[in-house]
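# Notes for the structure review
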Amino acid sequence: MKFKSLAVAAGMAIAALAMPAAARADISGAGASFPFPVYAKWADAWNKETGKKLNYQSIGSGGGIKQIRARTVTFGATDAPLKGPELEKDGLVQFPMVMGGIVPVINVEGVKSGELVLDGPTLAKIFLGEVKTWDDAAIKALNPDLKLPSTAIAVVRRSDGSGTTFNFTDYLGKVSADWKSKVGSATAVEWPVGLGAKGNEGVAANVGQTKGSIGYVEYAYAKENNIAFARMKNKAGKVVSPEVKSFQAAAANADWSSAPGFGVILTDEPGDGSWPITAATFILMHKKPNDPAAAAEALQFFEWAFEKGGPMAEQLIYIPMPASVVKQVRDAWSAITGADGKPLAIAK
Amino acid sequence: MAGAAQAAPGRTAVLRKFRLGNLLFLNLTRAAAVLVLVLLGGVMLALIEGASPALREFGFGFITSQSWNPVTEKFGALAPVYGTIVTSLIAMLIAVPVGLGIAIFLTELCPTPLRRPIGIAIELLAGIPSIIYGIWGLFVFAPFLQTTVQPFLISVFGPIPLLNAVFAGPPYGIGILTAGLILAIMVLPFITSIARDVFSTVPPVLKEAAYGIGCTRWEVVKNVVLPFTRVGVIGGVMLGLGRALGETMAVTFVIGNAHKISASILAPGTTISATIANEFTEAVGDIYTSSLIALGLLLFVITFIVLAIARYMLLRLEMKGGK
């Protein structure tokens, strides 16, 4: 009797495990953690509207690239775009989905949010450990009217590999030859100085409680946690504040057709209103997907997100792609084809 | 006669049943034991296989190099190995005397009504997940160290040569020392509860005899309780050390995660498990991933060496005791 009921229970457990496989989530994606909140929100709203399911796992950009290469997911997501030859090799299509801004956050006594102005070379010197105190001549020159303390600068940076770090170090490499030769840019680098903290929330927490510190976080984290940020002098020499307008200006001023797979890194873009450290996050899909039906549905989802997802993204402090870029992305989708060689995306 | 003839086959049947049961029991337990060996061997093999690209690329230099540069793909394990050992040492320096102290107090000196509350409190400490220790360490403990303990240490040891290098630098609040202190709190319950359990196995007649000839409490503990239980105590300390060496989440939060070896224990550093936890998800490139697995293999080796030393110490103690 006991055995029988055990067997029944086991059978039910197995059936329960097998159930999701039968009625599985239609589309699966994996990758970057930065866009996870907005993808999750979109997937939820899309599910309510169409009844279709999308399952996105936030496992990190590196993991997303590995998964899409292994064809275990319908789409991969990455913050650091793949280069042309890599896309060719694996037969992948890459396009940007949504954007965010990276802002320097500070904790300096007597300096309020947005009061401090920094430029690229000074920021690089701070993160190289060459500018050591807040009253250094380089910072004073940019902020003649601010009263800066002589506190030592405590640099806080990411300890985990991250697309945020990739874009931030890319910017420092563009504006400082020293940074480029000594440190370089990647999702994780050999930092000359500073404390490592895990995740945007870790950096935000460390900057929040360490006097004299400076770090970098996604704009959303600075805004949500009310941490003081610094304004930046951009490529055009204008001082800009981090806000949706300046992030979108950077995207609009970028030359998206210059790199295959939209592999443009939005740092140090020209234009008077451009925020210098803007970042897009990318989707990767196979040109010849194993499961064309799932791929077609994924494309419907992305189309829906471009069309209706903007306000939702802005609520979560992400920046929707400008219309001109969306148009180019739709053109790129024609490369994704089914077994019959016809594009899977419904032409707009 | 007929009854006896009937009983004989019944007897053999029962005996056979016993033998079968015994055989089944033996094989079940043996399978469980073998499973552990197979698992251990499998983990070992997987680690060696995963680590081999990095070990081939860097050779012995992997252990002696301090550089950890994902951009140029040059990796060396010295900084995390150093951080792992130093944080564990700090933890043991604090947790062993305190833990043994608590255990002695609980078994020898504590008034009975207090025994249970203190014992339960210690066990609850062991039940707190390490992420909670990490968050508490970052938001409560680190700011406290930054504003009080660390400036005090810096000013006290400032004028003393050698020691001023160990306690140098701006007080960040997080760093090697903070990680060591958090680890000490985390391994404390292990050492305490094992020590308490083995202390209570000391036969009362031994202790009473010692008290009878006029020994003080300190002398009883030193000459009767500790010698009688040293094997168990060392086992508890080793269990604590094993946990300190491998602890990941709490350390990641408070150590500062800098791939650098500094003379100062107030400076940020990193440990093997913290490095793996931080970097594995976004490690792109085969050498990078392989280097992280090689770090895991090193931790395995370090733990093995620690256990071997513990065994050796026990063996020597036993031989001395035998004489």
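Source: prediction; values computed, not measured. (Residues numbered from 1 in each chain as written. Chains lettered and ligands numbered in written order. Predicted model: local features only at pLDDT ≥ 70, side-chain atom pairs only at ≥ 80, totals over all residues. Heavy atoms only, no water.)

### As for the overall build of chain A
Per the secondary structure count, chain A includes 14 helices and 12 strands. Judged by the C-alpha coordinates and their principal axes, chain A covers about 75 × 55 × 35 Å. Taken over 348 residues, chain A has a buried fraction of 54%. Counted over contacts in chain A with a minimum sequence separation of 6, partners at least 24 positions apart contribute 75%. For chain A, the exposed surface amounts to about 14,700 Å²; the carbon and sulfur share of it is 56%. Of the charged side chains in chain A, 37 are positive and 33 negative, and the gap between their average positions amounts to 4 Å. (Helix = DSSP H or I, 4+ residues; strand = E, 2+ residues; numbered from the N terminus. Buried < 20%, exposed > 50% of the residue type's maximum accessible area, 1.4 Å probe, protein only. Contact = heavy atoms within 4.5 Å. Areas by Shrake-Rupley, 256 points an atom, 1.4 Å probe, with all protein chains shown as cover. Lys, Arg positive; Asp, Glu negative; His and termini not counted. Charge placed at Lys NZ, Arg CZ, Asp CG, Glu CD.)

### A look at empty space enclosed by the protein
Residues and elements named next belong to chain B. A complete count under the given rule lists 1 cavity of 30 Å³ or more for this structure. Roughly 40 Å³ of volume is contained in the largest cavity. Every residue along the wall of the largest cavity is listed here: Ala 79, Tyr 82, Gly 83, Ile 176, Lys 260, Ile 261, Ser 262, Ser 264, Ala 267, Pro 268, Gly 269 and Thr 270. The class makeup of the residues in the lining of the largest cavity is 6 nonpolar, 5 polar and 1 charged. (1 Å grid on protein atoms, 1.4 Å probe; cavity = no way out; pocket = protein on both sides within 12 Å on 5 of 7 lines; lining within 4 Å. Points joined across faces, edges and corners; volume = space filled by probe spheres on them. Nonpolar A, V, L, I, M, F, W, Y, C, P; charged D, E, K, R; others polar.)

### Some words on the confidence of the model for chain B
Summarising the model, chain B shows a mean pLDDT of 88, and 97% of its residues fall at 70 or more. With pTM at 0.79, the complex prediction returns an ipTM value of 0.72. (pLDDT = per-residue confidence, 0-100.)

### Some remarks on the pattern of salt bridges
All names here are of chain A. Taken as a whole and assessed by the stated rule, the structure comprises 14 salt bridges over all chains. The closest approach of N and O atoms between Arg 158 and Asp 160, which form a salt bridge, is 2.9 Å. As a salt-bridge pair, Lys 245 and Glu 243 come within 3.9 Å of each other at their nearest N and O atoms. Since its relative accessible area comes to 64%, Lys 245 is described here as exposed. With relative accessibility at 33%, the residue Glu 243 sits in the partly exposed group. (Salt bridge = Lys/Arg side-chain N within 4 Å of Asp/Glu carboxyl O.)

### Notes on the packing of aromatic side chains
Per the counting criterion, the structure on display carries 28 aromatic pairs over all chains. With a centroid separation of 6.0 Å and an interplanar angle of 25°, the aromatic rings of A:Phe306 and A:Trp333 are classed as stacked. Here A:Phe306, found in helix α12 (residues 292-308), pairs with A:Trp333, found in helix α14 (residues 323-333); they are 27 residues apart in sequence, far enough to count as distant. Judged by centre distance (5.1 Å) and plane angle (15°), the ring pair of B:Trp136 and B:Phe141 falls under stacked. A relative accessible area of 35% places B:Trp136 in the partly exposed class. Judged by relative accessible area, B:Phe141 falls into the buried class, the value being 13%. An aromatic cluster is built from A:Phe36, A:Tyr39, A:Trp42, A:Trp46, A:Tyr56, A:Phe75, A:Phe95, A:Phe301, A:Phe302, A:Trp304, A:Phe306 and A:Trp333, whose rings are joined through pairwise contacts. (Phe/Tyr/Trp six-rings, centres within 6.5 Å; stacked < 30°, edge-to-face > 60°.)

### Points about the environment of A:Gln209
Along the chain, A:Gln209 turns up in helix α9 (residues 199-209). On a C-alpha basis, the gap between A:Gln209 and A:Asn107 in space is 7.9 Å, while along the polypeptide they are 102 residues apart. Apart from residues no more than four positions distant in its own chain, A:Gln209 is found in contact with A:Asn107, B:Leu138, B:Phe139, B:Pro143 and B:Gln146.

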